[in-house]
Structures are given as C-alpha cells and as structure tokens.
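Below are the chains, spelled out letter by letter.
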Amino acid sequence: MEHRARFALEVVDACITEIGAGRVGIRLSPVTPSNDISDSNPQAVFGYLVEELNKRGIAFIHFVEGATGGARDVPGFDFAWARKTFKGAYIANNGYDRAMAIQAVESGHADAVAFGRLFIANPDLVQRLKKNAPLNVPNPKTFYTPGPVGYIDYPALGNAA
Ligand SMILES: Cc1cc2nc3c(=O)[nH]c(=O)nc-3n(C[C@H](O)[C@H](O)[C@H](O)COP(=O)(O)O)c2cc1C
C-alpha cells in the first residue's frame, strides 16, 4: 500500500524541508466518493499515511469524515483510530453543526472542527457560533457558480432581513 501514499508523502516532505513540520498540515478524505474517487482499501492506504505523517510530526491532519458534503457514515476508514494514532492536531470536517462540533471537541474526538458550507453562508460564522445566534442557511444552487452571488451576499448578523 505504501506506494499509493508515496506521492502525498513526497509533497509533505518537500513542505517540511521548506518550512518545518510544525507549519505543515494536510487534508485527507479517505472515503469520499467526490469526483468519482474510490479506493479499494482506504484503511490500508490512509492508515499507512496517517502513521507516516505522525512520524514526521506535522501540525495537523484535517479529516473529511465521510462523503464530502454528504453522508458521514461511509464505511472503510476508522477515524477514531486515526485520532488515537496521530499525535498532532485532529481537525474534523463534514456536516458539523454547532452542537456536533462542541460534542466532538468536548469528547476528545477532535481538537478543532472545520466548517465549509456554514462559512460560505455566514460571513460572521465565528461570532454567531460564540453567541449561539441563528445561522443563514446555505443555498446549494449558488455553490460552484462563477461571480460574487452566493459568496459575498449573505447578510452578517444584525443586517439579516
Ligand atoms: C462551494 C464549495 C466549494 C468547495 N471546494 C472544495 C475544494 O476545492 N476542495 C475540497 O477539498 N473541498 C471543497 N469543498 C468541500 C468543503 O471543503 C467541505 O469539506 C464540505 O463542504 C463539507 O464540510 P461542511 O459540511 O462543513 O460544508 C467545497 C465545498 C463547497 C460548498
């Protein structure tokens, strides 16, 4: 399985050489089927990669848990194992809301949670999460579209209609 992780490690090693392991992080999506990606044995390939990344002492791994922007319960990779194995920061992503994120950090599943769609829809997401304020709902029709619509026109808190 090692050869399938080799290219990722070559890039990581080049980055480490340039800026030091403490400034390097990587995002892994072991089981996502996005863009027709598939792997016959994600645990072996990504498990090896997680172990190698741990040896290198990089700052963080950002894990897309499940199908990017879709189901979280995709089999094939043990994210809890990755959390235990990798001693750097574990950043969790995919389908998290505020309550799930708090639970993930408080339970020790993750050191931090990354938000995608909620950030697109909420220019002030951090403040809203801190206050437990209502969130704008992302509009999937304007994802991946050119131009500013759907990227810079969601209202900030206080300006919401
Ligand atoms: C408009 C849009 C563009 C995205 N572009 C990328 C991308 O270029 N590369 C990538 O790995 N993920 C991309 N993603 C996926 C997000 O980074 C994230 O993994 C996904 O939205 C799940 O997180 P969420 O549930 O917090 O939104 C994109 C998502 C959206 C909605």
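Structure: see above.
Residues numbered from 1 in each chain as written. Predicted model: local features only at pLDDT ≥ 70, side-chain atom pairs only at ≥ 80, totals over all residues. Heavy atoms only, no water.

Trainee: Kindly report on the sheet that holds strand β3 (residues 89-93), identifying the contributing residues and their values.
Mentor: Spatial strand order, β1-β2-β3-β4: 4 strands in an open sheet with parallel pairing. A strand with exactly one partner marks an edge of an open sheet, and here the two such strands are β1 (25-28) and β4 (112-114). Averaged over all adjacent pairs, the angle separating strand axes in this sheet is 25°, with direction ignored. Inspection of the sheet shows strand β2 (residues 60-64) paired to β3 by 5 bridges, in the parallel sense. Bridge pairing in β3 places F60 opposite A89. (Pairing = 2+ DSSP bridges. Helix = DSSP H or I, 4+ residues; strand = E, 2+ residues; numbered from the N terminus. Axes fitted to C-alpha atoms, helices over the stretch in contact; angles between N-to-C directions.)

Trainee: For the pattern of salt bridges, give the residues involved together with the corresponding values.
Mentor: Under the definition given, this model contains 7 salt bridges. The residue R56 makes a salt bridge to E52 at a minimum N-O spacing of 2.8 Å. Taken together, the residues R56 and E52, both in helix α2 (residues 42-56) and 4 residues apart, mark about one turn of the helix. What makes R56 partly exposed here is its relative accessible area of 25%. Measuring nitrogen to oxygen at the nearest pair gives 3.1 Å for the salt bridge that ties E65 to R72. Each of D13, E52, K55 and R56 takes part in a single network of salt bridges with overlapping partners. (Salt bridge = Lys/Arg side-chain N within 4 Å of Asp/Glu carboxyl O. Buried < 20%, exposed > 50% of the residue type's maximum accessible area, 1.4 Å probe, protein only.)

Function cannot be inferred from these measures alone, as they are strictly geometric.
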